[in-house]
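Residue strings, one per chain:
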Amino acid sequence: MILDAELRKRMGEKGLELVKERFTVEGNFEVMRREVERMLNAEF
C-alpha cells in the first residue's frame, strides 16, 4: 500500500463508507426505529 496511492485512496473511501453505514445515526436509523417500535409494542 505504501507504493500505491490509488489503492490507499480507495481503501480509505471504502472504510469511511463502512463507518457511515454501521456507526452513525443516519446509517442505523431504521434499526433504531424498529427497536423503539418493538419496545413500545411490547407487553409487560
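To be clear, the structure that these remarks concern was listed above.
The structure reproduced in this document is the subject of the present report. Predicted, not measured: the structure shown is a model, and the values here were computed from it.

**Looking at the packing of helix H1 (residues 5-23) against helix H2 (residues 25-41)**
Okay, step 1: Contact geometry of H1 with H2 gives a least axis separation of 5 Å together with a crossing angle of 35°. Within the contact between the two elements, H1 uses Lys-20, Glu-21, Arg-22 and Phe-23 and H2 uses Val-25, Gly-27 and Asn-28.
Okay, step 2: In the contact of H1 with H2, the residues fall into two nonpolar, two polar and three charged.

**Some thoughts on a nonpolar patch on the surface**
Okay, step 1: Taken together, the side chains of Val-25, Phe-29 and Met-32 present a nonpolar region at the surface, about 290 Å² in accessible area.
Okay, step 2: With respect to the helices and strands, Phe-29 occurs in helix H2.

**Brief notes about the environment of Leu-18**
Okay, step 1: Take Leu-18: it is sitting in helix H1.
Okay, step 2: Sequence separation between Leu-18 and Leu-3 is 15 residues, and the spatial gap between their C-alpha atoms is 24 Å.

What counts as what
- Residues numbered from 1 in each chain as written.
- Predicted model: local features only at pLDDT ≥ 70, side-chain atom pairs only at ≥ 80, totals over all residues.
- Heavy atoms only, no water.
- Axes fitted to C-alpha atoms, helices over the stretch in contact; angles between N-to-C directions.
- Helix = DSSP H or I, 4+ residues; strand = E, 2+ residues; numbered from the N terminus.
- Contact = heavy atoms within 4.5 Å.
- Nonpolar A, V, L, I, M, F, W, Y, C, P; charged D, E, K, R; others polar.
- Patch = residues over 30% accessible without salt bridge, like charges linked within 9 Å, V, L, I, M, F, W, Y side chains within 5 Å.
- Areas by Shrake-Rupley, 256 points an atom, 1.4 Å probe, with all protein chains shown as cover.
- Salt bridge = Lys/Arg side-chain N within 4 Å of Asp/Glu carboxyl O.

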